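For reference, the chains in residue letters:
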Amino acid sequence: MDKKIKVGVIGYTGRLGKLLVEILSKHPFVEVVYTESRSEGSHGNLSSAEIVFLALPYGESKDYLPKLDGKRVIDLSIDHRDDSKWIYGLSEIFSNEISKATQVANPGCYATSILLGLFPLKGKIKQVNIASTSGVSGAGIDASKDDNFLIYKEGKQHPQIKEIEKILGLDGIIFIPQRIDTAEKGIVSTIFAQIDCGKNLAELYTQTYKSHPFIRIVSAIETKNVVGTNFCDIKVLEFEKNAVIIATLDNLIKGGTGQAVQNFNLMYGFEETLGLL
């Protein structure tokens, strides 16, 4: 393809928006023709954009949709993840739906790690409890020099529980999110599942994700292997009817901007990896 897709980014100076523009600027078939933010105003021509990325705080996307009528939209916020008119943008699982979509709701960063970790077991899970650890960038703050672990929104409080349970068809997930204030980026989700599955789990995961370039089934989990990339690394442990699945990714890339660009590639028929490797 010689023609470049004309793209707009609203919210381009935020923690996700800035990184998104950086990734898009390196994409061989993208021309960023419009940017807008509260702090820097608007630049370029919105009317010429074919597709617009929204990288806005919770609750603000709806204010922009009227002027985006007729354009494709990828929303990185939580606002439309439970809206049946929008396609849930978990790239590896809903690639066919995304390829035909005009409106895509990008998943949350915790949700991406957990859903990719659990999706091969969908329909076989009896009970699941999850502990996820992240760096501070998801909270929009800078890493601290002082050691501190923070437990927050534990149990059923975290807003991403809703999308996780909806996609998996489960109720009663107990979720304990943790933040390490000295780490900037990265998520590690440790998932404890009681399952009804007789297959070799490592083989099940390998077969499920064999055609997905950004999913790696690994023997060791370290955030340094995924930070700065669009990869999600998954380790599978099996103990009779219990499974421990550990998934790690970069919360701002695979859990945000990178997955948004992966969805853009799917929507326009490009290779999923374009602009991301």
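Before reading further, recall that the structure is shown in the block above.
Residues numbered from 1 in each chain as written. Predicted model: local features only at pLDDT ≥ 70, side-chain atom pairs only at ≥ 80, totals over all residues. Heavy atoms only, no water.

## Thoughts on the overall build of the protein chain
Moving on, step 1. A tally of helices and strands in the protein chain yields six helices and 14 strands.
Moving on, step 2. Relative to its length of 277 residues, the protein chain is compact, with a C-alpha radius of gyration of 18 Å against a globular reference of 19 Å.
Moving on, step 3. For the protein chain, the spread of C-alpha atoms along the three principal axes comes to 60 × 45 × 30 Å.
Moving on, step 4. When the 277 residues of the protein chain are sorted by exposure, 52% land in the buried category.
Moving on, step 5. For the protein chain, restricting intrachain contacts to residue pairs at least 6 apart in sequence, the fraction spanning at least 24 positions comes to 67%. (Helix = DSSP H or I, 4+ residues; strand = E, 2+ residues; numbered from the N terminus. Rg over C-alpha atoms; globule rule 2.2 N^0.38 Å. Buried < 20%, exposed > 50% of the residue type's maximum accessible area, 1.4 Å probe, protein only. Contact = heavy atoms within 4.5 Å.)

## A word on the packing of helix α3 (residues 109-118) against helix α4 (residues 161-168)
Moving on, step 1. Contact geometry for α3 and α4: axes closest at 10 Å, N-to-C directions at 20 degrees. Taken as axis vectors, α3 and α4 run roughly parallel relative to one another. Judged by the twist between their axes, the crossing of α3 over α4 is right-handed. Across the interface between the two elements, A111, I114, L115 and L118 of α3 pack against E163, I164, I167 and L168 of α4.
Moving on, step 2. Along the lines of polarity and charge, the residues of the contact of α3 with α4 split into seven nonpolar, no polar and one charged. (Axes fitted to C-alpha atoms, helices over the stretch in contact; angles between N-to-C directions. Parallel < 35°, antiparallel > 145°, perpendicular 65-115°, else oblique. Left-handed = near helix turned anticlockwise from the far one by under 90°. Nonpolar A, V, L, I, M, F, W, Y, C, P; charged D, E, K, R; others polar.)

## Side note on the packing of helix α1 (residues 15-25) against helix α6 (residues 253-267)
Moving on, step 1. Between α1 and α6, whose axes approach to 10 Å, the crossing angle comes to 40 degrees. Taken as axis vectors, α1 and α6 run oblique relative to one another. The interaxial crossing formed by α1 with α6 has right-handed handedness. In this structure, α1 contributes L16, L19, L20, I23 and L24 to the contact, and α6 contributes I253, G256, T257, G258 and V261.
Moving on, step 2. In terms of residue class, the contact of α1 with α6 is made up of seven nonpolar, three polar and no charged.

## Focus on the pairing of strand β10 (residues 174-180)
Moving on, step 1. As defined by bridge partners, strand β8 (residues 125-134) adjoins β10 across six bridges and the pair is classed as parallel. Within β10, the residue paired with S134 across the bridge is R179.
Moving on, step 2. Note that strand β9 (residues 149-151) and β10 share three bridges and pair antiparallel. Across the sheet, residue L150 finds its bridge partner in β10, namely R179. (Pairing = 2+ DSSP bridges.)

## Regarding the nonpolar core
Moving on, step 1. Counting residues in hydrophobic clusters, the biggest one holds 72 residues, and the most contacted among them are F53, I234 and F264.
Moving on, step 2. When residues in this core are grouped by element, the largest group, seven residues, is from α3.
Moving on, step 3. Contacts of I234, omitting those with residues within four sequence positions, involve L116, G117, Y205, Y209, I215, R216, I217, V218, I221, I245, I246 and A247.
Moving on, step 4. In this structure, Y34, L54, L68 and V73 belong to the second largest nonpolar core, which totals 13 residues. (Core = buried A, V, L, I, M, F, W, Y, C linked by side-chain atoms within 4.5 Å.)

## Notes on the sheet that holds β8
Moving on, step 1. Strand order in the open sheet formed by seven strands is β9-β10-β8-β11-β14-β13-β12, and the pairing between neighbours is mixed. Every interior strand has two partners, whereas the edge strands, β9 and β12 (215-217), have only one. Each strand axis lies, on average, 20 degrees off the axis of its neighbour in the sheet, ignoring direction.
Moving on, step 2. Where strand β11 (residues 187-195) lies against strand β14 (residues 242-249), eight bridges are found, and the strand directions are antiparallel.

## Details of the packing of aromatic side chains
Moving on, step 1. This model, assessed by the stated rule, comprises eight aromatic pairs.
Moving on, step 2. Between Y88 and F94, the aromatic rings sit 6.4 Å apart at their centres with planes inclined by 80 degrees, giving edge-to-face as the arrangement.
Moving on, step 3. Judged by relative accessible area, which is 18%, F94 ranks as buried.
Moving on, step 4. Taken together, a centroid distance of 6.0 Å and an interplanar angle of 40 degrees make the contact between F264 and F270 tilted. The pair F264 / F270 is uniform in exposure class, with both members buried.
Moving on, step 5. Linked through ring pairs, F29, F53, F264, Y268 and F270 together constitute an aromatic cluster.
Moving on, step 6. The ring of Y268 has R72 sitting right over it, with the charged end atom 4.9 Å from the ring centre. (Phe/Tyr/Trp six-rings, centres within 6.5 Å; stacked < 30°, edge-to-face > 60°. Lys NZ or Arg CZ within 6 Å of the ring centre and 35° of its normal.)

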